[in-house]
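Residue strings, one per chain:
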Amino acid sequence: MQTEMINEEIEATSAPIEITGGDAVMRALVAEGVDTIFGYPGGAIMPIYDALYDYRDQLEHILVRHEQGGIHAGQGYARTSGRTGVVFATSGPGATNLVTGLADAMIDSTPLVCITGQVFAHLLGTDAFQETDVINITTPVTKWNYQVTDANEIPEALAKAFYIANSGRPGPVLIDITKNAQLQKFSYAGYKPCNHIRSYRPKPVVRKEFTAAAAEMINKAERPLVIFGQGVILGRAENEFKAFIEKSGMPAAWTILGLSALSTDHPLNVGMLGMHGNYGPNVLTNECDVLIAVGMRFDDRVTGRLDRYAKQAKVIHLDIDPSEIDKNVKADVPVWGDCKETLPMITALLEKKDHSSWVNKFSECMEKEKEAVINNELHPSTDILTMGEVIEQLNLLTNGDAVIVTDVGQHQMVACRYAKFNQSKSNVTSGGLGTMGFALPAAIGAKYGAKDRTVVAVIGDGGVQMTIQELGTIMQNNINVKILILNNRFLGMVRQWQDLFHEKRYSFVDIASPDYVTVAKGYNIEGNSIEERKDLVGALETMLKHDGPYLLEVFVGKENNVFPMVPQGCGVGEIRLK
Amino acid sequence: MKQEYTLTIYTENQVGLLNRIAIMFSRRKINIESMNTSPSEIEGIHRFNILINETEDVVRKIVRQIEKQVDVLKAYFNTNDTIIWQELALYKVPTAIIAEKVKVERLLRTYGARVVAIRSDYTIFETTGQREETDTLLKVLGEYGLIEFVRSARIAIIKDSKGFHEKLKEFELAEPTQHIIDEPISAAEAASKVV
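In this text, all values refer to a predicted model and were calculated from it rather than measured experimentally.

Residue and element names in this part refer to chain A. Spatial strand order, S3-S2-S4-S5-S7-S6: 6 strands in an open sheet with parallel pairing. The strands lining the two open edges of the sheet, one partner per strand, are strand S3 (60–63) and strand S6 (144–148). Here the average twist between neighbouring strands, direction ignored, is 20 degrees. As paired elements, strand S2 (residues 36–39) and S3 share 4 bridges and run parallel to each other. Bridge pairing in S3 links Thr36 to Glu60.

Residue and element names in this part refer to chain A. Positionally, Ala252 belongs in strand S10 (residues 252–254). Sequence separation between Ala252 and Gln469 is 217 residues, and the spatial gap between their C-alpha atoms is 39 Å. Those residues in contact with Ala252, other than ones at most four positions away along the chain, are Val226, Phe228, Ile245, Leu262, Leu268, Asn269 and Val270.

Residue and element names in this part refer to chain A. Along its sequence, chain A is carved into domain 1 (2–188), domain 2 (208–361) and domain 3 (387–555). With 13 residues of domain 2 in contact, the opposing surface of domain 3 contributes 15 residues. Here the residues of the side of domain 2 that touches domain 3 are counted per class, giving 6 nonpolar, 4 polar and 3 charged.

Let us look at the sheet that holds strand S16 (residues 427–428) of chain A. Residues and elements named next belong to chain A. Reading across from one edge, S16-S15-S17-S18-S20-S19 is the order of the 6 strands in this open sheet, with parallel pairing throughout. Pairing within the sheet leaves two strands with one partner each, and these edge strands are S16 and strand S19 (526–530). Of the pairings in the sheet, the one linking S19 to strand S20 (residues 550–555) comprises 5 bridges and is parallel in character. Paired with Asn528 across the strands is Leu552, a residue of S20.

What follows concerns the interface of chain A and chain B. Taken together, the contacts link 28 residues of chain A with 24 residues of chain B. Contributions of two or more residues to the side of chain A that touches chain B are made by helix H7 (134–138), helix H10 (208–220) and strand S14 (333–336) of chain A. The greatest single-element share of the side of chain A that touches chain B, amounting to 4 residues, is contributed by H10 of chain A. Partitioning the side of chain A that touches chain B into residue classes produces 14 nonpolar, 5 polar and 9 charged.

This next bit is on the nonpolar core. Of all hydrophobic cores here, the largest spans 178 residues; its most connected members are Ile175, Ile316 and Ala457 of chain A. Looking at this core element by element, the count peaks at 8 residues for helix H8 (residues 154–165) of chain A. The residues contacting Ile175 of chain A, other than those within four sequence positions of it, are Val113, Ile115, Tyr146, Val148, Ala157, Leu158 and Ala161 of chain A. Counting residues in hydrophobic clusters, the runner-up holds 20 residues, among them Leu7, Leu17, Val59 and Val72 of chain B.

Moving on to helix H21 (residues 492–501) of chain A. Residues and elements named next belong to chain A. Restricting attention to buried positions, one finds in H21 the residues Gly492, Met493, Arg495 and Gln496. Taken end-on, H21 shows its buried residues confined to a sector of 160 degrees, consistent with a single buried face. Summarising the contacts, the buried residues of H21 are in contact with helix H18 (410–418) and strand S17 (455–460). Within two residues after H21, Glu503 carries a phi angle of roughly 50 degrees, on the positive side.

The next thing to look at is the confidence of the model for chain B. The predicted coordinates of low-pLDDT regions are not to be read in fine detail. Residues and elements named next belong to chain B. For chain B, the average pLDDT comes to 87, and 88% of its residues sit at 70 or higher. Every residue in residues 179–188 is under pLDDT 50, and counting partners more than four places away or in other chains gives 13 contacts. The complex prediction reports pTM at 0.94, with the ipTM value standing at 0.91.

Conventions and cut-offs
- Residues numbered from 1 in each chain as written.
- Chains lettered and ligands numbered in written order.
- Predicted model: local features only at pLDDT ≥ 70, side-chain atom pairs only at ≥ 80, totals over all residues.
- Pairing = 2+ DSSP bridges.
- Helix = DSSP H or I, 4+ residues; strand = E, 2+ residues; numbered from the N terminus.
- Axes fitted to C-alpha atoms, helices over the stretch in contact; angles between N-to-C directions.
- Contact = placed C-beta atoms within 7 Å.
- Domains from an automatic or database assignment.
- Nonpolar A, V, L, I, M, F, W, Y, C, P; charged D, E, K, R; others polar.
- Core = buried A, V, L, I, M, F, W, Y, C linked by C-beta atoms within 7 Å.
- Buried ≥ 20, exposed ≤ 12 C-beta atoms within 10 Å, placed from the backbone.
- Arc of directions from axis to C-beta.
- pLDDT = per-residue confidence, 0-100.

Here is the structure:
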């Protein structure tokens, strides 16, 4: 209340007031509409935490158990809410613990503002206690970073940080604030949000000749294939995208981060691209005549060998980041710009088309894949549970309305392949960086970003042990996340590669697990562990119905492999069904 | 084909930006042949010249990545035929040897060198020019007991550039015109891409 009065006073009089740097940080966060912070205090960020004490009614701070957990939670929050995740950490080890999350957010274009404490400015470069060169350590993994040594800089630095993080192609920003600046009293004249930086252009100017050329090319196409990525979600262009593919009836396949931008049961949604994607989208990439890439970056896990990738096709590439155009795959028509703007421009020029015989080819491929892979995965003939059937049962119980957070590995590929999604921003996973340990903390943030939704973290027995300490965060805040551990008693994906490419030389993939139910119990979290099919539906129901966090461990087949698979170094046409 | 490319980068004057730009090269294991930072024609705006030996494809991609950096206004890349470039070299030679063995005037005239300091024990020459010119004098003076040699980074002016004054005005607009948002490929290339 007191701070609101102060804010009103500023607006009324515009007279500068004396406040501390720490207080200025809080005012910036409030002005930016931040409601949740994930963080961990320490010596060099104490004045900021001291200021936070007076803002507890406006800013909900979640005390995590490790800074990596904090930043992954910030990522989860950003991914389900579309807003900027905010993370606090102290200097030195606090800041270095953010690095994995920064790299993950950088490669997956997740908007974050991370605020780190730093030693007093006069101690910079003296190897002071908990001093580390955070700015230089984080430069390659931040969209922008900046060190503040004077409180007067705080409002503007934070305004720029929020603007940069969540405009254009989003990304993580780190602001490092020395302790003296946090403590310093200065004359504060209010907070001005930033909406322009002369050296930074978030969006390239849309050129009509290219949107027109794209439309013309699509109108002439006989076998167009649309491949879409997270750009559709980040651009909030789900409706524009749907209208675009529907107008001329084009099949659309997704990258792992594009998943959920288009409802999984949409008749034109033909499935997942890439290494463990569906059979049709992969082989037919090499049969389409026009390939239309929307907000995706032709990652090597999507393209396989580039010299065998869509060589027959003309390529149209829509992206907000000009440096993505021609980076991996040459575009015949480059459509620079925000797809929220460019898609409707193209759609307006599209002719209604019937590509049903082309779309049917995807169905035929799907039949082939069902026979070879999917039927066995979803309805296995043995007693041993598969990851796929667990996800399938989860789909039936959640009707595709849940947020599903996945970690990295076999369970991730299976979950993304088989999970159903009705709405956007529902799939949270570490795509580009492949960060094991991502899911549990990301699920915490995902829940804060989408408080009314069911959040299920699907995690392997390897990944969960990397950040299992965040059970403490879940316990302390009674965060209603459902933790579904698919335990195959192996580091499954590495084991699969050792099986396929290293003559089954299982080198250090045999990982032991604790009794997860007992561990959960220690954190006062309810749990269950099952290994029989007859218990599966009931156990999932109990998990979903439970009021509060719940851990369910499901033992699945030890040596199941994820197929289809495009082996590394092969073209997408060489996808293997077994 | 690898060849020399000179990058010209207009940036804000920001601590840490040098590192942010340098790591774009080291990440790709590209050696920077020379790098110079200086003021530009506009107060407050810095100008980097970076010389690398690479293929056009690699250079084009790296220039886009550089231009993407928040504090970078604009990045250009040029082959040697489209720029005027110079390097500065300093040579320290024992004065005694020079006095005895070298016809100083001839040296100065042939290589366009200037004497910048004469002490009883050493003399410092300076030349500006292109690599072959400074290299030739280096070789010549090597025979006369060269004590020290240093050469600066390449600095370059783009022949058909109109400078940055007009561009900056547009950068300062909230909604820059298309004209100023130079496409990441040249206009001619872009046009050829329209089907």
